[in-house]
Amino acid sequence: MVRTRIPPSPTGNDLHIGNLYTALINWAYAKKNNGKFIVRIEDTDRARLVEGAAQQILKTLHAFGLDPDEDMIKGGPYGPYIQSERLELYKKYALQLVSQGDAYYCFCTQERLEEVRQIAITEKKQPKYDRHCLHLSAEEISEKLEKKIPHVIRLHIPEGKTSYTDLIRGTITIENETLDDQVLLKSDGFPTYHLGVVVDDHLMEISHVIRAEEWMASVPKHVLLYDFLKWELPVFAHVPLLRTPEKGKISKRKGAVWVSWYLEEGYLKEAILNYLALMAWSHPDQKEIFSLDEYIQVFDLKDINPSAPIFDVVKLTWMNGEYIRKMEKGKLKEEIYKFFGDKYPEDLIERTLPLIQERIKTLKEYDEYAHFFLEAPKEYEIEISKYKELFEKTSSALTEVSDWKAEKIGEVMQKVALDLGIKNSEYFMAMRVAITGKKISPPLNESMEILGKEETLSRLRMII
Ligand code: GLU
């Protein structure tokens, strides 16, 4: 049984775009293999906890259609799915490790640990715990425990080497002497990431641990834990981190790390997922646009390329435009309506869409093209005062039009341009700016038809 998971930490505004990427892969891999996709909340870093973040993460996954089969709201046979409700379990395994001699109590104070660290830095050595407490006698330990001296439990790293195989990166071996005696259980009774992740992945019968490469350095410690607890290793697959076109980390500054930013900018969920699917992987037929269902069919974990893919918003915008163009009108109307939350009446969206659908790359851009339907321009992109005569002539010609249809409006204006002896391009530019405020707009005749005779004439009169 394939069981995949993402264990996000609820420490931010929303799901990170990189987390959405790993969520997609985990979800797709589970679906492909008739398995289960689990979301576990890792809320052990109490200082960085953000109220409501866990709920937001689940809401976002749901919005993207990446629903977990088991999570803290839905529940499931392996719950609870939030680590703060599983503290007894971590303690139990930490104590088991202590009794086996694979972990030990450490009573060192923060001050002492800091001193040890400073000495290592001055001696240009890797800062590591100096194992001061490894050598405490059984009596010393019980005495300190009785006195309730704050303590942690540390992993006792053995001598030798540790190896594991990563599905994407092959076999990795490291010398144990490079590892620190990792804290497993903190003085507040919470596990560190390392103990929590291993215990939960095991108890939740996770078969494939698919996550970002930034966690690779931790795997040897996890492998030791699996070994000490005599548990079978899951399959590890570390996917590359997404990079910006400048090859940096996606920056928190512009907000573009949070999935909500993309939705607020008017990107479609389908397009975002499609673009993410192409990170470090390509479709066997080199297709760029494909559905989630198709992705599940053709995707395989081992085809992921280990080198960092570029996440380029410009490319995503292009892809989003493709999605918008191909989208069925009714669905696009709904998306735009929801996006602007009542700003645009549905029937106006419906009438204007045929003029605008081809032109926009994001839902947000609809407003740039359609805003003039809601209100007369307050500014004009060209100096229009010199066209007074043009507007007067056009206004009286249009007043006579009884059949207010794009074609008829076009004919009448064409005739005015001819009578005035002004070049078509200049005439229509002046008219376009008068009606829409802008040099670039949806087709003018059709726009005027939708706007209606009265409103069109009123805009001309206002300028005159
Ligand atoms: N809590 C870690 C995170 O926020 C989980 C890493 C993992 O997948 O093991 O990404």
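In this text, all values refer to a predicted model and were calculated from it rather than measured experimentally. (Residues numbered from 1 in each chain as written. Predicted model: local features only at pLDDT ≥ 70, side-chain atom pairs only at ≥ 80, totals over all residues. Heavy atoms only, no water.)

1. A word on the site of the ligand
Stage number 1. Near the ligand the following residues occur: Arg5, Pro7, Ser9, Glu42, Tyr193, Val197, Arg211 and Trp215.
Stage number 2. In the model, an oxygen atom of the ligand is placed 2.8 Å from a nitrogen or oxygen of the Arg211 side chain.
Stage number 3. Taking 300 Å² as the accessible area of the ligand by itself, protein coverage stands at 89%.
Stage number 4. Looking at the shell around the ligand residue by residue, the class counts come to 4 nonpolar, 1 polar and 3 charged. (Near = heavy atom within 4 Å. Polar contact = N/O pair within 3.5 Å; in protein donor to acceptor, adjacent residues only side chain to side chain. Areas by Shrake-Rupley, 256 points an atom, 1.4 Å probe, with all protein chains shown as cover. Nonpolar A, V, L, I, M, F, W, Y, C, P; charged D, E, K, R; others polar.)

2. Focus on the nonpolar core
Stage number 1. Ranked by internal contacts, the top residues of the largest apolar core, which has 100 residues, are Leu20, Leu276, Phe311, Leu398 and Met431.
Stage number 2. Ranked by residues supplied to this core, first place goes to helix 1 (residues 17-32) with 10 residues.
Stage number 3. Not counting chain neighbours up to four residues away, the residues in contact with Leu398 comprise Trp404, Ile409, Val412, Met413, Met448, Lys453, Leu457 and Leu460. (Core = buried A, V, L, I, M, F, W, Y, C linked by side-chain atoms within 4.5 Å. Buried < 20%, exposed > 50% of the residue type's maximum accessible area, 1.4 Å probe, protein only. Helix = DSSP H or I, 4+ residues; strand = E, 2+ residues; numbered from the N terminus. Contact = heavy atoms within 4.5 Å.)

3. Details of helix 7 (residues 219-228)
Stage number 1. Burial of helix 7 is extensive: 9 of the 10 residues sit out of reach of the surface.
Stage number 2. Regarding helix 7, the residues found buried are Val219, Pro220, Lys221, His222, Val223, Leu224, Leu225, Tyr226 and Phe228.

4. Comments concerning the packing of aromatic side chains
Stage number 1. Per the stated rule, a full pass over the model turns up 22 aromatic pairs.
Stage number 2. Seen from their ring centres, Trp281 and Phe290 are 5.9 Å apart, and the 80 degrees between their planes marks the pair as edge-to-face.
Stage number 3. For Trp281, a relative accessible area of 5% puts it in the buried group.
Stage number 4. Each ring, one from Tyr344 and one from Tyr366, has its centre 5.0 Å from the other, and the planes form 80 degrees; the classification is edge-to-face. One end of the pair, Tyr344, is in the loop between helix 12 (329-339) and helix 13 (346-356); the other, Tyr366, is in helix 14 (residues 366-374), with 22 residues separating them in the sequence.
Stage number 5. Note on Tyr366: relative accessible area 0%, which makes it buried.
Stage number 6. Within the aromatic cluster, the residues linked to one another by ring pairs are Trp261, Tyr262, Tyr267, Tyr275 and Phe311.
Stage number 7. Above the face of the Tyr78 ring, Arg3 is positioned so that its terminal group lies 4.0 Å from the ring centre.
Stage number 8. A cation over an aromatic ring shows up here: Lys144 above the ring of Phe107, its NZ or CZ 5.8 Å from the ring centre. (Phe/Tyr/Trp six-rings, centres within 6.5 Å; stacked < 30°, edge-to-face > 60°. Lys NZ or Arg CZ within 6 Å of the ring centre and 35° of its normal.)

5. Remarks on the pattern of salt bridges
Stage number 1. Evaluation of the coordinates by the stated rule reveals 32 salt bridges.
Stage number 2. Taking the shortest distance from any N to any O, the salt bridge between Lys326 and Glu322 comes out at 3.9 Å. Within this pair, Lys326 and its partner Glu322 are both found in helix 11 (residues 313-326), separated by 4 residues, close to a single helical turn.
Stage number 3. Put simply, Asp367 and Lys343 hold a salt bridge, and the shortest N to O gap is 2.9 Å. Highlighted residues: Asp367 in helix 14 and Lys343 in the loop between helix 12 and helix 13, separated in sequence by 24 residues.
Stage number 4. Look at Lys343 and you get partly exposed, because its relative accessible area is 35%. (Salt bridge = Lys/Arg side-chain N within 4 Å of Asp/Glu carboxyl O.)

6. Remarks on the environment of Leu184
Stage number 1. Position of Leu184 among the secondary structure elements: in strand 7 (residues 183-185).
Stage number 2. Counting along the chain gives 238 residues from Leu184 to Ile422, while the straight-line C-alpha distance between them is 82 Å.
Stage number 3. Leave out the neighbours within four places in its chain, and Leu184 touches Leu97, Ala103, Ile153, Arg154, Leu155, Phe190, Pro191, Thr192, Leu195 and Leu225.

7. Examining the pairing of strand 1 (residues 3-6)
Stage number 1. Here strand 1 shows a buried face lined by Arg3 and Arg5 and a second buried face lined by Thr4 and Ile6.
Stage number 2. With 4 bridges joining them, strand 1 and strand 2 (residues 36-39) adopt parallel strand pairing. Across the sheet, Arg5 pairs through a bridge with Ile38, a residue of strand 2.
Stage number 3. One crossover worth recording links strand 1 to the parallel strand 2 by way of helix 1, and it is right-handed. (Pairing = 2+ DSSP bridges. Right-handed = clockwise from strand over helix to strand, strands pointing away.)

8. What about the UniProt feature "binding site: Zn(2+)" (unreviewed entry) in the protein?
Stage number 1. UniProt records the feature "binding site: Zn(2+)" (unreviewed entry) for Cys106, Cys108, Cys133 and His135 in the present numbering. With the annotated positions falling across 30 residues, the maximum pairwise C-alpha distance of 12.5 Å places them together in a single cluster.
Stage number 2. Tracing the sequence through the fold places Cys108 in the loop between strand 3 (103-106) and helix 4 (110-122).
Stage number 3. Looking at Cys108, the relative accessible area reads 15%, which means it is buried.
Stage number 4. Once you skip the residues sitting within four places of it in the chain, Cys108 turns out to touch Leu113, Tyr129, His132 and Cys133.
Stage number 5. Within the secondary structure layout, Cys133 lies in the loop between helix 4 and helix 5 (138-146).
Stage number 6. With near-sequence residues (within four places) excluded, Cys133 lies in contact with Tyr104, Tyr105, Cys106, Phe107 and Cys108. (UniProt positions renumbered as here; feature names shortened; annotations may be inferred.)

9. Remarks on the packing of helix 15 (residues 388-399) against helix 17 (residues 424-436)
Stage number 1. In contact at an axis separation of 11 Å, helix 15 and helix 17 are set at 80 degrees when each is read in the N-to-C sense. Comparing the axis directions of helix 15 and helix 17 gives the class roughly perpendicular. Contact residues: helix 15 offers Leu390, Phe391 and Thr394, while helix 17 offers Tyr427, Ala430, Met431 and Ala434.
Stage number 2. Residues belonging to the contact of helix 15 with helix 17 are distributed by class as follows: 6 nonpolar, 1 polar and no charged. (Axes fitted to C-alpha atoms, helices over the stretch in contact; angles between N-to-C directions. Parallel < 35°, antiparallel > 145°, perpendicular 65-115°, else oblique.)

10. Considerations on unusual backbone geometry
Stage number 1. For the peptide bond that leads from Gly79 to Pro80, omega is -5 degrees, which places it in the cis range.
Stage number 2. Topologically, Pro80 is positioned in the loop between helix 2 (53-63) and helix 3 (87-100).
Stage number 3. One non-glycine residue, Gln286, lies in the positive phi region at around 60 degrees.
Stage number 4. Residue placement: Gln286 occurs in the loop between helix 9 (269-277) and helix 10 (292-298).
Stage number 5. On the accessibility criterion, Gln286 (60% relative accessible area) is exposed.

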